[in-house]
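# Survey of secondary and tertiary structure
Residues per chain are reported as follows:
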Amino acid sequence: NAGVTQTPKFRVLKTGQSMTLLCAQDMNHEYMYWYRQDPGMGLRLIHYSVGEGTTAKGEVPDGYNVSRLKKQNFLLGLESAAPSQTSVYFCASVRDRAYNEQFFGPGTRLTVL
Amino acid sequence: SQKIEQNSEALNIQEGKTATLTCNYTNYSPAYLQWYRQDPGRGPVFLLLIRENEKEKRKERLKVTFDTTLKQSLFHITASQPADSATYLCALDIAQAGTALIFGKGTTLSVSS
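Residues numbered from 1 in each chain as written. Chains lettered and ligands numbered in written order. Predicted model: local features only at pLDDT ≥ 70, side-chain atom pairs only at ≥ 80, totals over all residues. Heavy atoms only, no water.

## Section: the overall build of chain B
Quick reminder of the rule: Here a strand is any run of E in DSSP of at least two residues, a helix any run of H or I of at least four, and the numbering for each starts at the N terminus. What the globule rule says is 2.2 Å times the number of residues to the power 0.38, and the radius of gyration is computed from C-alpha atoms. Here the term buried applies to any residue with accessible area under 20% of the maximum for its type, exposed to any over 50%, and partly exposed to those in between, with areas from a 1.4 Å probe on protein chains only.
The helix and strand tally for chain B stands at 0 helices and 11 strands. In terms of overall dimensions, chain B is globule-like: its C-alpha atoms have a radius of gyration of 14 Å, near the 13 Å expected for 113 residues. Dimensions of chain B, computed from C-alpha atoms along their principal axes, come out at roughly 45 × 30 × 20 Å. Across the 113 residues in chain B, those meeting the buried criterion constitute 49%.

## Regarding the overall build of chain A
Along the backbone of chain A there are 0 helices and 11 strands. Taken from N to C terminus, the helices and strands of chain A fall in the order β-β-β-β-β-β-β-β-β-β-β. Taking 2.2 N^0.38 as the reference for a compact globule, 113 residues should give roughly 13 Å; the C-alpha atoms of chain A span a radius of gyration of 13 Å, in line with that estimate. Its C-alpha atoms give chain A principal-axis dimensions of about 40 × 30 × 25 Å. Across the 113 residues that make up chain A, the buried fraction comes to 48%.

## Quick look at the pattern of salt bridges
This is how it is decided: Between Lys or Arg on one side and Asp or Glu on the other, a salt bridge is scored when a side-chain nitrogen of the former is within 4 Å of a carboxyl oxygen of the latter.
A complete count under the given rule lists 9 salt bridges over all chains for this structure. The shortest N-O distance in the salt bridge between Glu56(B) and Arg58(B) comes to 2.9 Å. Judged by its relative accessible area of 58%, Arg58(B) falls in the exposed class. Here Asp84(B) and Arg61(B) are joined by a salt bridge, their closest N and O atoms 2.9 Å apart. Highlighted residues: Asp84(B) in the loop between strand 8 (72–77) and strand 9 (86–93) and Arg61(B) in the loop between strand 6 (56–59) and strand 7 (62–67), separated in sequence by 23 residues. Sharing partners across several salt bridges, the network here consists of Arg36(A), Asp38(A) and Arg44(A).

## Let's talk about the sheet that holds strand 8 of chain B
Residue and element names in this part refer to chain B. Operational definition: Any two strands with at least two DSSP-identified bridges between them are counted as paired. Interaxial angles span 0 to 180 degrees and are taken between N-to-C directions of axes, which are lines fitted to C-alpha atoms, for helices over the stretch in contact.
Ordered by their spatial adjacency, 5 strands build an open sheet running 1-3-8-7-6, and the pairing between neighbours is antiparallel. On the outer flanks of this sheet lie strand 1 (3–6) and strand 6, each paired with one strand and no other. Neighbour to neighbour, the strand axes of the sheet diverge by 15° on average, direction disregarded. In terms of strand pairing, strand 1 meets strand 3 (residues 19–26) through 4 bridges, oriented antiparallel.

## Considering the interface of chain B and chain A
Let me state the cut-off plainly: Contact between two residues is taken to exist if any of their heavy atoms lie within 4.5 Å; hydrogens are not considered. We define buried area as the total accessible area lost by two parts upon association, computed with a 1.4 Å probe and summed across both. We call two N or O atoms a polar contact when they sit within 3.5 Å, provided that within protein one can donate a hydrogen and the other can accept it, with sequence-adjacent residues counted only if both atoms are side-chain atoms.
On the chain A side, the residues contacting the 21 residues of chain B number 21 residues. Taken together, the two surfaces of chain B and chain A that pack against each other cover about 1,600 Å², and 55% of this comes from carbon and sulfur. Applying the counting criterion to the chain B and chain A interface returns 0 salt bridges. The interface formed by chain B and chain A contains 6 residue pairs in polar contact (both at pLDDT 80 or more). Listed by contribution, the elements that provide at least two residues to the side of chain B that touches chain A are strand 4 (32–38), strand 5 (45–51) and strand 10 (101–103) of chain B. Tallying contributions element by element places strand 4 of chain B first for the side of chain B that touches chain A, with 4 residues.

## Re the nonpolar core
The test is simple: For this analysis, a nonpolar core means a set of buried residues of the types Ala, Val, Leu, Ile, Met, Phe, Trp, Tyr and Cys, connected via side-chain atoms within 4.5 Å.
Ranked by internal contacts, the top residues of the largest apolar core, which has 45 residues, are Tyr33(A), Tyr35(A), Trp35(B), Phe75(B), Tyr88(B) and Phe103(B). Here the element with the most residues in this core is strand 9 of chain B; it accounts for 6 residues. Residues Val66(A), Phe74(A), Cys91(A) and Val112(A) belong to the second largest nonpolar core, which totals 19 residues.

## Regarding the state of the cysteines
Here is the rule: When two cysteine sulfur atoms are found within 2.5 Å, that pair is recorded as a disulfide.
Tallied over the entire structure, the rule returns 2 disulfides over all chains. Residue Cys23(A) pairs covalently with Cys91(A) via a disulfide, S to S 1.9 Å. Taking the torsion about the S-S bond as the criterion, the Cys23(A) to Cys91(A) disulfide, at about -75°, is left-handed. Pair noted here: Cys23(A) is in strand 3 (residues 19–25) and Cys91(A) is in strand 9 (residues 87–94), with a separation of 68 residues, a long-range link. The exposure class of Cys91(A) is buried, given its relative accessible area of 0%. Between the sulfur atoms of Cys23(B) and its disulfide partner Cys90(B) the distance amounts to 2.0 Å. A torsion of 70° about the S-S bond marks the disulfide between Cys23(B) and Cys90(B) as right-handed. On the criterion of sequence distance, the pair formed by Cys23(B) in strand 3 and Cys90(B) in strand 9 is long-range, its members being 67 residues apart.

Interpretation note: all reported values are geometric properties and have no functional meaning in isolation.
Here it is in structure tokens:
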């Protein structure tokens, strides 16, 4: 099993550009999450999904959209990138409500100039 | 809103000593609390979960306590080793939101030989 993978690992954008971050898991997990991690701020939840076709807002959802069209994939989109979105983005998954351990991906380091 | 604090940003100890990390929370009654380890440039890795009805949980050299009256968890690493040097994150469940977690900012532990 590859676990949780994230694509790309690094990206530099200009203000106003758009991009999609891909998270994939091969563990048949029900729940998936997107976090951002900034120095001094810790991990903050952006959006999450409790199953295929469902999404919900987390703590800091503004400026991001997500989709979960397939159970194994969770996409995070930035429609018009801003410098404030410079961060490290982590995806995580959980098997289901009975198993609470979160499995994290390796992260995507995004810089918006 | 929920608030979670890890009292020390950094903790330096000598090899062989016991490291004790603190996690405090307010305005919430979590069903469980988790501890994760994060190495530089990598995603967090799950270590331990303790439920609200459990006082203590152990795993090898790790021990977690959970005091719901004090709203505090303590994380202990006994016989610490330089390989234990990392950032340790505590996290609370947001029970109504598909096992989503709120994370503390972390404590960076440095173990010197």
